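Observations on the three-dimensional arrangement
Residue-level listing of the chains:
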Amino acid sequence: MSLAELLTAPVPHRPAVTAEFPAVDGGGLEAVAAHAARLAPYVDAVNATDNPAAHAHASNVAIAIAVRRLGLEPILQVACRDKNRLAAQADIAGAALHGVTTVCCMTGDDVTAGDEPEARRVFDLDGPQLVRTAAAMAGGSYLSGRPLSPAPPLLIGAVENPGAPPFHERATRALKKVEAGARFLQLQICYRPERLSAFCERAEAEGVTPAAALLPTIALVKGARALRFMDTQVPGISIPQDVIERVEKAPDEREASYEVSLELARTALAQPGVRGIHITDFRHDETLGRLCSDLGLPTMRSAPGEDAVAV
């Protein structure tokens, strides 16, 4: 089933699984194929990221096209930080020419998070405005009103952070994106399940769901060092000290951090409006497959063959 079918069906067929596709800097299409082969058996779609954490990488459109040629469904991330409305629309229209029709609109991390903090911020559009722009394109016109024919059949998504203040306004922000045209929301990593639960309940009460599917993010990390880094260095992520100490004091930090992720995933899937999970995998090993197995999620497809992309 396509991601659109999984996320928009009146009765959920099964939980959807999406994942961040690792950033690529070099190595040609062989590097993309190697990542795709590891992810393909377990995910329904992967995010082709748009300069994540304000670091320059191979472009979102290039990765999305390569991923699709490898047999994986790409989600084209488009960030407002680096692009004005012309460039954002060009990304969406250009990717759609190659059959990439799932888009995730976001503001993007500030340039101070990256290795080139002197870069100029653009922010011609904000998140809801970019969603509305994509919706206009799906309706057959550019933002200017100029016709776009045929209109690309876009599945439009956005992001939200259930674990950052102001907590009571997060569902309201999400509703603005849904009203603009978003049909799924990938949620930021949240190590405080009570905040995720409160967000999901409020989202349901305000009408965010079932209009849009919620996909909470689960991070797969190696140990306490990664948890401390996220807690202190990544804006919008707060990790309870007892969780960090639980992993740090465990005989096997890798196993303890996995158990935390599994518990968070089970809690997330039990929340109202949640139609699957989004995975950020910092381990790049067999853990993603183990998580899907422990959650009772089926293997989706075979890994792409070596000749899936002509190089």
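Here, the structure is the one placed above.
The present account deals with the structure reproduced in this document.

Definitions and cut-offs
- Within each chain, residues carry numbers counting from 1 in the order of the written sequence.
- Residue-level local features of this predicted model are given only where pLDDT is at least 70; pairs of side-chain atoms are given and counted only at 80 or more, and the full residue set underlies all totals for whole chains, interfaces and linings.
- Side-chain figures throughout are based on the complete set of non-hydrogen atoms in the structure, without hydrogens or water.
- The numbering of helices and of strands both runs from the N terminus, where a helix is a DSSP run of H or I of at least 4 residues and a strand a run of E of at least 2.
- For every residue, the accessible area (1.4 Å probe, protein chains only) is compared with the maximum for its type, and the residue is labelled buried under 20%, exposed over 50%, or partly exposed between those bounds.
- Only the protein chains shown count as cover for residues, with accessible areas throughout obtained via the Shrake-Rupley method and a probe of 1.4 Å.
- The charge count includes Lys and Arg as positive and Asp and Glu as negative, but it does not include His or the ends of the chains.
- Note on charges: their place is set at NZ of Lys, CZ of Arg, CG of Asp or CD of Glu.
- Among the buried residues, those of types Ala, Val, Leu, Ile, Met, Phe, Trp, Tyr and Cys that are joined through side-chain atoms within 4.5 Å form a nonpolar core.
- Pairing between strands requires that DSSP locate at least two bridges from one strand to the other.
- Viewed with both strands pointing away, a crossover whose connecting path from the first strand over the helix to the second turns clockwise is right-handed.
- For this analysis, residues touch if any pair of their heavy atoms sits within 4.5 Å.
- Whenever a nitrogen or oxygen atom comes within 3.5 Å of another N or O atom, the pair is scored as a polar contact, on the condition that within protein one atom can donate a hydrogen and the other can accept it, and that pairs from neighbouring residues in sequence are kept only if both atoms are in side chains.
- Here the axes come from fitting lines to C-alpha atoms, over the contacting stretch only for helices, and the angles between their N-to-C directions go from 0 to 180 degrees.
- Each angle gets one of four labels, with under 35 degrees taken as roughly parallel, over 145 as roughly antiparallel, 65 to 115 as roughly perpendicular, and the rest as oblique.
- Left-handed describes a crossing whose near helix is turned anticlockwise from the far helix by less than a right angle; the clockwise case is right-handed.
- Polar here means any residue outside two lists: the nonpolar Ala, Val, Leu, Ile, Met, Phe, Trp, Tyr, Cys and Pro, and the charged Asp, Glu, Lys and Arg; Gly therefore counts as polar.

Some points on the overall build of the protein chain
- Check the secondary structure of the protein chain and you find 11 helices and 8 strands.
- With respect to the principal axes defined by its C-alpha atoms, the protein chain has extents near 60 × 50 × 50 Å.
- Counting all 311 residues of the protein chain, 50% fall into the buried class.
- About 13900 Å² of surface is accessible on the protein chain, with carbon and sulfur atoms providing 52% of the total.
- Positive and negative charge centroids in the protein chain, built from 30 and 38 side chains respectively, lie 4 Å apart.

Considering unusual backbone geometry
- Here the amide bond leading from Ser-149 into Pro-150 is cis, since omega sits at 0 degrees, within 30 degrees of zero.
- Residue Pro-166 follows Pro-165 across a cis peptide bond; omega there is 0 degrees.
- Tracing the chain through its elements places Pro-166 in the loop between β5 (155-160) and α6 (167-180).
- Residues other than glycine seldom take positive phi values, yet Phe-123 does so here, at roughly 50 degrees.
- The topology assignment puts Phe-123 in the loop between β4 (102-106) and α5 (127-138).
- We note that His-284 has phi near 55 degrees; this positive angle belongs to a residue other than glycine.
- Here His-284 lies in the loop between β8 (276-281) and α11 (287-294).
- His-284 sits in the partly exposed class, given a relative accessible area of 43%.

Here we look at the nonpolar core
- Ranked by internal contacts, the top residues of the largest apolar core, which has 85 residues, are Phe-21, Tyr-191, Leu-214 and Leu-291.
- Ranked by size, the runner-up nonpolar core spans 13 residues in total, among them Cys-104, Met-106, Ala-213 and Leu-215.

Some details on the pairing of β4
- In terms of burial, β4 is a largely internal element, 5 of the 5 residues being buried.
- Residues Thr-102, Cys-104 and Met-106 of β4 are buried on one face, and the alternating residues Val-103 and Cys-105, pointing to the opposite face, are buried as well.
- Pairing of strand β3 (residues 74-79) with β4, which is carried by 4 bridges, proceeds in the parallel orientation. Across the sheet, Ala-79 pairs through a bridge with Met-106, a residue of β4.
- Regarding topology, α5 serves as the crossover connection from β4 to the parallel β5, and that connection is right-handed.

Details of the environment of Pro-15
- Along the chain, the position of Pro-15 falls in the loop between α1 (3-8) and β1 (16-20).
- Remark: the alpha-carbon pair of Pro-15 and Ala-226, spanning 211 residues in sequence, is separated by 27 Å.
- In contact with Pro-15, not counting residues within four places along its chain, are Asp-44, Leu-269, Arg-275, Gly-276 and Leu-297.

Considering the pairing of β1
- β1 sits mainly inside the fold: 4 of its 5 residues count as buried.
- Regarding the hand of the β-α-β motif, the stretch spanning β1, helix α2 (residues 28-39) and strand β2 (residues 45-48) is right-handed.

A short note on α6
- Residues of α6 that are buried include every one of Arg-170, Ala-171, Ala-174, Leu-175, Lys-177, Val-178 and Ala-180, and no others.
- Buried-residue contacts for α6 involve α5, β5, β6 (184-187) and α7 (193-206).
- Backbone geometry just downstream of α6 places Gly-181 in the positive-phi region, at approximately 135 degrees.

Re the side chain of Gln-186
- Within the secondary structure, Gln-186 is located in strand β6.
- Given the relative accessible area of 4%, Gln-186 is considered buried.
- A polar contact of 2.8 Å, which involves the side chain of Gln-186, links it to the side chain of Asn-47.

Concerning the environment of Leu-130
- Along the chain, the position of Leu-130 falls in helix α5.
- The exposure class of Leu-130 is buried, given its relative accessible area of 1%.
- Taking the C-alpha atoms as reference points, Leu-130 and Ile-156, separated by 26 residues in sequence, lie 10 Å from one another.

Observations concerning the packing of helix α8 (residues 224-233) against helix α9 (residues 241-248)
- Contact geometry of α8 with α9 gives a least axis separation of 8 Å together with a crossing angle of 160 degrees. If you check the angle between α8 and α9, you find them roughly antiparallel. Handedness of the crossing formed by α8 with α9: left-handed. Across the interface between the two elements, Ala-224, Leu-227, Arg-228 and Asp-231 of α8 pack against Gln-241, Val-243, Ile-244, Val-247 and Glu-248 of α9.
- Tallied by class, residues from the contact of α8 with α9 come to 5 nonpolar, 1 polar and 3 charged.

Regarding the environment of Gly-163
- Its location among the elements puts Gly-163 in the loop between β5 and α6.
- Apart from residues lying up to four places away in sequence, Gly-163 is in contact with Cys-190, Arg-195 and Gly-236.

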